[in-house]
Amino acid sequence: MFRKLPGDEARNLVSTTPDTAVVFRPAVVRTPAFVTIVIWLSRLVAGLIRIVWRHPIAVAGPAVPGVIWTLYGWRLALLLVGLVLLAGLSWASLHRASFARLVAWRLLAFWRRIWIYRRHWQPVMIVSGLGRHLRGRDYLPRLVRVDCDGWADHVTVKMLNGQAVKDWADRTDQLAHGFDSRTCRVSIARAGRLVLTFPRRDPLAVALPAVPIPDVVSVGPVEIGAREDGTPYRLKVHGTHVLIAGATGAGKGSFLWSTIRGLLPALRAGLVELWALDPKLMELSFGRDLFTRYAADPEQCADLLDQAVTVMQERAGRFAGQQRNHVPTVADPFVLVLVDEVAFLTAYQSDRTLKQRITAALATLTTQGRAVGVGVMAALQDPRKEVMNIRNLFPDKIALRLDESEQVDMVLGDGARDRGALADHISPVPELGAGVGYVRLETSPDPIRVRAAYVSDDDIRAMVAEYAQAVDTVPVADHTATLNSVPDTTPVTARMPVVGEVAP
């Protein structure tokens, strides 16, 4: 925790009062050598026990052969080492995952704890300002443990009394470079303890192929790519709303099409309806035959959103007092409204009436829709408040490559960038950065780095060829009857005809 002054330096510490000439010298008590030796030996024994308890494999590796060498000679010790190495190689070749989890990562953690973190701990803490040097003593946060997995080191730290998480979040750059890593992320383990994540490599540096269409009919969570630790990433779409923000070419289409791809079996079974708003006419139009409803013209988009509001209100009237959560059925399927470029409809729309209708409908859906099975997934390029003033109504947010560091907190919330969501540092090269983003869920303040799989044009054509005809044959819920059954208290904008139909 701290380092004492050497020798008798404490005798030279002098303090005076400002208005007198009285000199105060600290009383120095000489500690007997026997007491010092006992204290030193007790600390040594406690440290050895702690090392054996935390790193049994790393300690047993050299200790057991050393004991056998001493008792029975070097030949038997060498034979034992050879047998252990042979058994380890066989284990690694037969079941690599369990060998890595039980042996390899523990040995790596032991080595990196000593060579990387313990060796540089004091200078990094002092220089970065997380430690304090007061009256000859270094007060340092305590390095509790180091855990390793396939992509990063996870360092558990006990903060000094009086420190805050923000003190560490503001110094992630110093910590990353001090411990020879690209980035550092801070998360809370429990009161007084943090987990610092230092990536050793980037599993998301290579583009991912399209995720296979699932065999199981489900409305989610939908597997759309991979997390930074290499595990599959599943995006929740039912029971929430998702906002995707990213610059041009950041890979917003990868999230949209991967979500559509994962919902295709449920779409064919009639448990999901996909309603698409495609004002750019470039992204979703490529697979428009997959959508239950499709609109591109701004007026048609406003009509489609009003119809979604009507469906939502009708379901809310039927579910009131009966159920609190939506269960997808053929009669009441999950309706996912996909909006490719929402800013074109809310901010850049020249018709003020249409702009107000669209904004009001989106606000109504995002505040009331998820409980009755109507979700919104919207994508936009500019996350500023004047462009998208209802972005806080989306519980789950995804930040892809952004142009400015301030935009990260605009999308993911205050403090997201300090916690490691460096969306403004994502590579603009499509092969390296397209589809890479940070996800901040409603249930967690810590951002997660993910990459959505790339769904190519050939993949979309195959999806259309296999599922478009099946979608046409599935009975669609009678939303026209829903429109006619809405009470007179329903707003006029919510009782619009189905896109493509003639108004009564």
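Residues numbered from 1 in each chain as written. Predicted model: local features only at pLDDT ≥ 70, side-chain atom pairs only at ≥ 80, totals over all residues. Heavy atoms only, no water.

Undergrad: A description of the nonpolar core should follow, citing residues and the corresponding values.
TA: With 44 residues, the main nonpolar core has Leu 277, Leu 305, Val 337, Leu 365 and Leu 412 as its most contacted residues. No other element matches helix H8 (residues 298-319), which puts nine residues into this core. For Leu 305, the contacting residues outside a window of four places in its chain are Leu 277, Val 337, Ile 358, Ala 361, Leu 362 and Leu 365. If you look at the next biggest cluster of nonpolar residues, it comprises 43 residues, including Ile 224, Trp 257, Leu 264 and Leu 336. (Core = buried A, V, L, I, M, F, W, Y, C linked by side-chain atoms within 4.5 Å. Buried < 20%, exposed > 50% of the residue type's maximum accessible area, 1.4 Å probe, protein only. Helix = DSSP H or I, 4+ residues; strand = E, 2+ residues; numbered from the N terminus. Contact = heavy atoms within 4.5 Å.)

Undergrad: How would you summarise the packing of helix H3 (residues 74-94) against helix H4 (residues 96-128) if you had to cite specific residues and measurements?
TA: Relative to each other, H3 and H4 sit at 125°, their axes nearing to 5 Å. With respect to their mutual orientation, H3 and H4 come out oblique. Taking contact as the criterion, the partners of Gly 88, Trp 91, Ala 92 and Leu 94 in H3 are, on H4, Arg 96, Ser 98, Phe 99, Leu 102 and Val 103. Of the residues in the contact of H3 with H4, the class split is six nonpolar, two polar and one charged. (Axes fitted to C-alpha atoms, helices over the stretch in contact; angles between N-to-C directions. Parallel < 35°, antiparallel > 145°, perpendicular 65-115°, else oblique. Nonpolar A, V, L, I, M, F, W, Y, C, P; charged D, E, K, R; others polar.)

Undergrad: Please give an account of the sheet that holds strand E5 (residues 142-148) that cites residues and values.
TA: Within the open sheet, the four strands sit side by side as E5-E6-E8-E7. Their pairing is antiparallel. The open sheet has two edge strands, E5 and strand E7 (185-190), and neither has a second partner. Averaged over all adjacent pairs, the angle separating strand axes in this sheet is 25°, with direction ignored. Judged from the seven bridges that link them, strand E6 (residues 152-158) and strand E8 (residues 193-199) form a sheet pairing that is antiparallel. Residue pairing across strands places His 154 opposite Thr 197, the latter belonging to E8. (Pairing = 2+ DSSP bridges.)

Undergrad: I'd like a rundown of the pattern of salt bridges, residues and numbers included.
TA: Counting across every chain of the model gives 19 salt bridges. Two residues, Asp 382 and Arg 384, come together in a salt bridge whose shortest N-O distance is 2.7 Å. For Asp 382, a relative accessible area of 15% translates into the label buried. Overall, Arg 384 belongs to the partly exposed group, its relative accessible area being 36%. One salt bridge in this structure joins Asp 446 and Arg 419, with 2.9 Å as the shortest N-O distance. With Asp 446 in the loop between strand E17 (436-440) and strand E18 (448-452) and Arg 419 in the loop between helix H11 (406-412) and helix H12 (430-433), the pair connects residues that are 27 residues apart, well separated along the chain. With a relative accessible area of 23%, Asp 446 lands in the partly exposed category. Within this structure, Arg 185, Asp 202, Glu 228 and Arg 449 form a network of salt bridges that share partners. (Salt bridge = Lys/Arg side-chain N within 4 Å of Asp/Glu carboxyl O.)

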